[in-house]
Amino acid sequence: MQRETELNATGRPQSQHRLKLVVLGATGGTGLELVKQALGRGHLVTAFVRSPERLKDFRDHINVRQGDLLNSASLQEVIQGHDAVLSGFGPRAPRSEADSNLLEHFARALTTAMPPTGVRRVVVESVAFLFKNSILPPAYLLGRLFLPKTVADASAMERIFANTALDWTMVRPPELTDKPYTGKYRVQEGHLPRFGLKISRTDVADLMIKLAENGTSIRKVVGIAN
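These notes cover the structure that comes with them. (Residues numbered from 1 in each chain as written. Predicted model: local features only at pLDDT ≥ 70, side-chain atom pairs only at ≥ 80, totals over all residues. Heavy atoms only, no water.)

Here we look at the overall build of the chain
Check the secondary structure of the chain and you find six helices and eleven strands. Within the chain, contacts between residues separated by at least 24 positions form 72% of all contacts whose residues are at least 6 apart in sequence. Accessible surface, the chain: about 11000 Å² in total, of which carbon and sulfur atoms supply 50%. (Helix = DSSP H or I, 4+ residues; strand = E, 2+ residues; numbered from the N terminus. Contact = heavy atoms within 4.5 Å. Areas by Shrake-Rupley, 256 points an atom, 1.4 Å probe, with all protein chains shown as cover.)

What to know about helix H2 (residues 72–79)
Regarding H2, the residues found buried are Leu75, Val78 and Ile79. Buried residues of H2 fall within an arc of 95° about the axis and therefore sit on the same side. Facing away from the buried surface of H2 by more than 90 degrees, the exposed residues are Ala73 and Glu77. On the buried face of H2, the contacting elements are strand S2 (20–24), strand S3 (44–49), strand S4 (63–66), strand S5 (84–87) and helix H3 (102–117). (Buried < 20%, exposed > 50% of the residue type's maximum accessible area, 1.4 Å probe, protein only. Arc of directions from axis to C-beta.)

So, unusual backbone geometry
For the bond from leucine 136 to proline 137, the omega torsion is 5°, close enough to zero to count as cis. Tracing the backbone through its elements, the reader meets proline 137 in the loop between strand S6 (121–125) and helix H4 (139–146).

With respect to the packing of aromatic side chains
In this structure the tally under the stated criterion is one aromatic pair. Centroid distance phenylalanine 89 to phenylalanine 106: 4.6 Å. Interplanar angle 40°. Geometry classified as tilted. A residue pair is termed long-range when its members are at least 10 positions apart, and phenylalanine 89 in the loop between S5 and H3 and phenylalanine 106 in helix H3 qualify at 17 residues. Taking relative accessible area as the criterion, phenylalanine 89 reaches 13% and is therefore assigned buried. Directly above the aromatic system of phenylalanine 131 lies the positively charged group of arginine 172, at a separation of 4.6 Å from the ring centroid. (Phe/Tyr/Trp six-rings, centres within 6.5 Å; stacked < 30°, edge-to-face > 60°. Lys NZ or Arg CZ within 6 Å of the ring centre and 35° of its normal.)

In structure tokens, the structure reads:
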């Protein structure tokens, strides 16, 4: 079993190595935090979104590109020349029938787009419901009972990434909250931290950016919780 690590950051200093990051799902809860925090750490950010007007407050600070995240050719054009991709992309709640395979289609488009660009690093927000070995809480059981379509779609997404040569990391949070940044959270490779019931979107974004910066947990699934 992988050792559980508690991160206790007192602040978010600028990264010593400036990265060119593509943020997907940048208008969602985690995506907005990825944009804010990446800027705060001194990185160059390109947001690829369907609705650029939702990022009007950032227009003077980031590169906003409009397009379809399920179109591999459009994704390839945007990703070219960057260092890493951060994805907070996912269906909006409540999930519609049309979104039942959204993450799977997204994964196919992104994994097709990235190899020709030479960009290998990608950090993706997934769901803790995929942890079959989690007892407290019984994440997989709860997911299968109450959100079976989400579990099936996220599982398909992860399988697609796993079958590539990309340097991917899957970050699986439990229930997401809008609480402020703490920098205090537990991380465990291959497991959801024990009693991992909630985590703020701000802390999830913090971890995802750090994973892009330090290149750790490549081709690993990571659990995170308060």
